[in-house]
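# Inside the fold
If you want the building blocks of each chain, they are given just below.
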Amino acid sequence: MESIKCVGILTSGGDAPAMNAAIRAVTRTAIYNGFEVKGIMRGYKGLISGEVIPFKTQNVSNIIQQGGTILKTARSKEFETPEGRKVAYETMQREGIDALVVIGGDGSLTGARIFASEFDIPIVGLPGTIDNDLYGTDTTIGYDTALNTIMEAVDKIRDTATSHERLFFIEVMGRNAGFLALNGALATGAEAAIIPEIATEVDQLAELIQNGFRKSKNSSIVLVAESELTGGAIGLAQRVEKEYPQYDVRVTILGHIQRGGSPSAADRILASRMGEAAINALLEGQRNVMIGIQNDVLVYVPFTKAIRNDKPINRDLLNTIKILSI
Ligand code: F6P
């Protein structure tokens, strides 16, 4: 858009590997196209408090391989209020920022949608979350690295599970989505994945035990998606201790290890492509869209669609896991 001279960039919500690669790509594509760039620290919090730094191409040198986000991140309660968003808008006016690129997950893009509608600001979102729960994109920035982290951790737990002939419930992140658990289970040869998407339809634990999941094995790994709906790894282990006391059960909660680390090649490539696409979107006059990827093609997904809560999960993979673990 012709009226855009300066693009602000921020990361918000839970960090994800390759957010830095995205920051680099947005910054350099913007500068390449003649825009000024300003980095906003600590997400919407920094937009409210005015923590804004002019970005040159050198500000993003040597970061493509780093985990976390050089812009820092936060979850801002103040930005959820109209008063907070007004102060954020005033910062933009003062700093001469005419457009925003927001890198974050569901909550961050929800904030972007409201902000854009209140103040008529061009905003483009990049899906930055390990949860992979944004609609309209096959994958999100950080998801592949988190899956690889899960894989490495579960491989190690498998060794001790086998030695002790134990049943392990390993809890992974994902908020209310089961993508990490499902594909983590496939990648590690786990015996099952327990995911929130089908939690209200079947008793996944009872089904697992009734299927005789340990007929041919003495140890088992079950990946559990964190969520009240699944009961979490601790909840499931307590049930096993009570209902099936013959099993020697243990729990591991992988936690924030899943959010850190140097990004995988796939995530660096995705973040670089999406970062360039964010600036191209602004040049084309797009606003209030998230950059998505579908069948390796970059697409624009309206915020209202992206933040829908029902991104479909491939349920057939549960059966694949079952077949492959006989
Ligand atoms: O959205 C990313 C995520 O890591 C979720 O998987 C998890 O539920 C949540 O953030 C944890 O947030 P926090 O770091 O604030 O504890």
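Everything numeric here is computed off the predicted structure, so don't read it as measured data.

So, about unusual backbone geometry. Phi at Asn132 is positive, roughly 60°, even though this residue is not glycine. Topologically, Asn132 is positioned in the loop between strand E5 (123-127) and helix H5 (143-164). Owing to a relative accessible area of 2%, Asn132 belongs among the buried residues under this scheme. The backbone of Asp296 shows a phi angle near 70°, a positive value even though the residue is not glycine. As for its position among the elements, Asp296 is in the loop between strand E10 (289-294) and strand E11 (297-302).

Pairing is mixed in the open sheet, where 7 strands are placed in the order E3-E2-E1-E4-E5-E10-E11. This sheet does not close on itself; its edge strands, each paired only once, are strand E3 (52-55) and E11. Within this sheet the neighbouring strands show an average axis-to-axis angle of 30°, counted without direction. Where E10 lies against E11, 6 bridges are found, and the strand directions are antiparallel. Residue Gly292 lies in a different strand from E11, and its bridge partner there is Val299. Here helix H4 (residues 106-119) sits on the sheet and contacts strand E4 (99-104), E5 and E10; the angle it forms with E4, its principal contact strand, is near 160°.

Relative to the elements of secondary structure, Thr129 occurs in the loop between E5 and H5. Of the residues examined, Thr129 reaches a relative accessible area of 8% and is grouped as buried. Here Thr129 is in contact with Ala16, Gly105, Leu134, Thr140, Ile141, Gly142 and Tyr143, once residues within four sequence places are set aside.

When cut into domains, the chain gives domain 1 (6-142 + 263-308) and domain 2 (145-259). Taking only C-alpha atoms, the centre of domain 1 and the centre of domain 2 are 33 Å apart. Of the residues lining the interface, 13 residues belong to domain 1; the matching set on domain 2 comes to 11 residues. Here domain 1 meets domain 2 over a buried area of about 980 Å², counting both sides, of which 48% is carbon and sulfur. If you sort the residues of domain 1 by the area they bury against domain 2, Asp15, Ile130 and Asp131 come out on top, with a joint share of 48%. Linking domain 1 with domain 2 are 1 salt bridge, by the criterion used here. A salt bridge links Arg259 to Asp15; the nearest nitrogen and oxygen atoms lie 2.7 Å apart. Connecting domain 1 to domain 2 are 5 residue pairs in polar contact (both at pLDDT 80 or more).

The rules behind the values
Residue numbers run consecutively from 1 along every chain, following the written order of its sequence. Residue-level local features of this predicted model are given only where pLDDT is at least 70; pairs of side-chain atoms are given and counted only at 80 or more, and the full residue set underlies all totals for whole chains, interfaces and linings. As a convention, hydrogens and water are excluded, and side-chain values are obtained from all of the structure's heavy atoms. We count a stretch as a helix when DSSP gives it H or I for four or more residues in a row; a strand needs E for two or more, and each element gets its number in order from the N terminus. When accessible area is computed with a 1.4 Å probe and restricted to protein chains, residues below 20% of their type maximum are described as buried, those above 50% as exposed, and intermediate ones as partly exposed. Between any two strands, pairing holds if DSSP finds at least two bridges. For helices, the fitted axis covers only the stretch in contact; all axes are lines through C-alpha atoms, and the angles between them, taken along N-to-C directions, range from 0 to 180 degrees. The contact rule is simple, with two residues in contact once any of their heavy atoms fall within 4.5 Å. Note: domain ranges come from an automatic or database domain assignment. Put simply, buried area is the surface a 1.4 Å probe can reach on two separate parts but cannot reach once they are joined, added for both. Whenever a carboxyl oxygen of Asp or Glu lies within 4 Å of a side-chain nitrogen of Lys or Arg, that contact is scored as a salt bridge. Each polar contact in these results corresponds to two N or O atoms within 3.5 Å; when the atoms are within protein, one needs to be able to donate a hydrogen and the other to accept it, and residues that are neighboring in sequence are counted only if both atoms are side-chain atoms.

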